[in-house]
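# Secondary and tertiary structure notes
What follows is each chain in one-letter form.
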Amino acid sequence: MLVLLIPLVLTIRDGGVDGRGWDWAPGDFLVMGALLFATGLALDLAWRKLKDPVFRALACAGIVVLLVLVWAELAVDAVSRLAGLIF
């Protein structure tokens, strides 16, 4: 969870939540912490339960891709915008 110190320091440096720069609210930290925790648990479960290295690598890659997609959706609605362009 040390990775959450990066947005915390940048939010404090930029003057807090005022709509410019890094402006994470306390709820943003909770959501990202939960997302990182769930991703870590899923990666650990996939690594322990899957014995075939190919399936293990595919499962871990899929979990990381899902993390990035959820993160992008929460940050800027990137997935919804991309789906709107495609469909």
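The following refers to the structure shown. Owing to the predicted nature of the structure, the values given are computational and were not obtained by experimental measurement. (Residues numbered from 1 in each chain as written. Predicted model: local features only at pLDDT ≥ 70, side-chain atom pairs only at ≥ 80, totals over all residues. Heavy atoms only, no water.)

## Some remarks on the environment of Ile12
The line we're drawing: A helix here means a DSSP run of H or I that spans at least four residues, while a strand means a run of E at least two residues long, and both kinds are numbered starting from the N terminus. The cut-offs for exposure are 20% and 50% of the maximum accessible area for each residue type, with area from a 1.4 Å probe on protein chains only; residues under the lower value are buried, those over the upper are exposed, and the others partly exposed.
Tracing the sequence through the fold places Ile12 in helix H1 (residues 5-13). Classification of Ile12 as exposed rests on a relative accessible area of 61%. Considered as a pair, Ile12 and Asp23 are 11 residues apart in the sequence and their alpha carbons are 8.6 Å apart.

## Brief notes about the layout of surface pockets
The condition is simple: Computed over the protein atoms alone on a 1 Å grid, cavities are sets of points where a 1.4 Å probe fits but cannot get out and pockets are open sets with protein on both sides within 12 Å along at least five of seven lines; a residue lines them when it has an atom within 4 Å of a point. Grid points are joined across faces, edges and corners, and a volume is the space filled by probe spheres set on the points. The residue classification treats Ala, Val, Leu, Ile, Met, Phe, Trp, Tyr, Cys and Pro as nonpolar and Asp, Glu, Lys and Arg as charged. All others, Gly included, are polar.
Put simply, the largest pocket is a space of about 420 Å³. Every residue lining the largest pocket is counted, 14 residues in all, and those nearest its centre are Trp24, Asp28, Met32, Trp71 and Ala75. The element that contributes the greatest number of residues to the lining of the largest pocket is helix H2 (residues 26-49), accounting for 4 residues. For the lining of the largest pocket, the class distribution of residues is 12 nonpolar, no polar and 2 charged.

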